[in-house]
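# Structural overview for review
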Amino acid sequence: MRVAQELLEELVTANRILAREGIVDSFGHVSIRHPGIPDHYLMSRARAPECIEVDDVMAFTLDGVAIDAAGRKSYAERFIHGAIYEVRPDVHAVVHHHSHGVIPFGITGTPLRPLIPLSAAMGTEVPTWDSRTRFGDTNLLVTNMAMARDLAATLGNRSVALMRGHGCVVASGSLRAVVFDSVYLNLNADLQMQAHALGEITFLSRGEIQAVLDTRGAFTYERAWERWCRRAGRPYDLRPMEGPLADLV
Ligand SMILES: [Zn+2]
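Now for a quick tour of the structure.

## Regarding the coordination of the zinc ion
Octahedral metals with six donors have ideal donor angles of 90 or 180 degrees. Tetrahedral metals with four donors have an ideal donor angle of 109.5 degrees. Listed as protein donors to the zinc ion are Glu77 (OE), His96 (NE2), His98 (NE2) and His166 (NE2); their distances from the metal cover 2.0 Å. Around the zinc ion sit four donor atoms; with metal-centred angles ranging over 97 to 141°, the donor geometry is irregular. Each donor residue of the zinc ion belongs to the same chain, with the gaps between them written as E-x18-H-x1-H-x67-H.

## Digging into the packing of helix α1 (residues 5-20) against helix α6 (residues 175-198)
Relative to each other, α1 and α6 sit at 5°, their axes nearing to 10 Å. Judged by the angle between their axes, α1 and α6 are roughly parallel. Here Glu10, Leu11, Ala14, Ile17 and Leu18 of α1 come into contact with α6, specifically with Leu175, Arg176, Val179 and Ser182. Across the contact of α1 with α6, the residue classes break down as six nonpolar, one polar and two charged.

## Section: the sheet that holds strand β4 (residues 93-97)
Read from one edge of the open sheet, seven strands run β3-β2-β1-β4-β7-β6-β5, paired in mixed fashion. Edge positions in the sheet fall to β3 (57-61) and β5 (128-129), since each has one partner strand and no second. In the sheet, strand β1 (residues 29-33) pairs with β4 via four bridges, with the strands oriented antiparallel. Counted as the bridge partner of valine 30 is valine 95 from β4. Contacts from α1 reach β1, β2 (40-44), β3 and β4, with the element oriented near 150° to β1.

Calculation rules
- Once a new chain begins, its residue numbering starts again from 1 and follows that chain's sequence as written.
- It should be noted that, the model being predicted, local features are given only for residues of pLDDT at least 70 and side-chain atom pairs only at 80 or more, the latter also being counted only at that level, while totals for whole chains, interfaces and linings use all residues.
- Excluded from the side-chain calculation are hydrogens and water; included are all heavy atoms of the structure.
- Here a donor is an N, O or S atom found within 2.8 Å of the metal, or within 3.2 Å if the metal is Na, K or Ca; sites may look incomplete because water is not among the atoms.
- Four donors are marked tetrahedral only if all angles between them lie between 85 and 135 degrees, whereas four are marked square planar and six octahedral if opposite donors are more than 155 degrees apart and the other angles lie between 65 and 115; the remainder are marked irregular.
- Geometry is summarised by axes, namely lines fitted to C-alpha atoms with helices restricted to the contacting stretch, and by angles between N-to-C directions that run from 0 to 180 degrees.
- What counts as a helix is a DSSP run of H or I of at least four residues, what counts as a strand is a run of E of at least two, and both are numbered from the N terminus.
- Here the angle decides the label: under 35 degrees means roughly parallel, over 145 means roughly antiparallel, 65 to 115 means roughly perpendicular, and every other value means oblique.
- Two residues form a contact once any of their heavy atoms are found within 4.5 Å.
- Think of it as three bins: nonpolar holds Ala, Val, Leu, Ile, Met, Phe, Trp, Tyr, Cys and Pro, charged holds Asp, Glu, Lys and Arg, and polar takes everything else, Gly as well.
- Any two strands with at least two DSSP-identified bridges between them are counted as paired.

Just geometry here; none of it tells us what the structure is for.
As structure tokens, this is what we get:
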């Protein structure tokens, strides 16, 4: 099934934004569930996100098999994405990244918690997945479905899971939301480190987190997306609130 050009462009834009905002560097990746084939997802070939073009995007089965690789190499850790889509029908976009802000929380056991409304999507509890618990001494990369499914189980019905000594996964209902949540997850981590040096932190309460999520609208994502497009040198395309592309908002 042919994928709309604008959807491919949107995925390229997501890659460029994540790179421009410092969430991914040479590594890390973002995917979207295939809009016409729910058990497929779309993601770039193995390439630094800052360099990705439309022709790099490939479709994958949930098991991580590229449909039409045509010689293009896949990310070694692509399995992360399919394992989440497999058990989370509500998830339509996934980011796996190694942003510098989140790493300290994954290796110390210090809970990462939201302290500003913009990072509320992480919820009241951010679990940490440790590959060593079930898989022993590995290179820490998620290179098969067994590891990816174990990670997806740790994520559960949440939006974020940290990965010990590695990075994190962020899952959301749309591409613009998952980019938004990835950027503000990293900012929250930086701010929590700074605040911790000053004293005791007052985090958002469970009720405040819910209130933020209940009132967050597409306009929030659009405000950020337009600015990030500008910074990444990509055209900004306001998404319709209804219709086949609405779930991208
Ligand atoms: Zn990784």
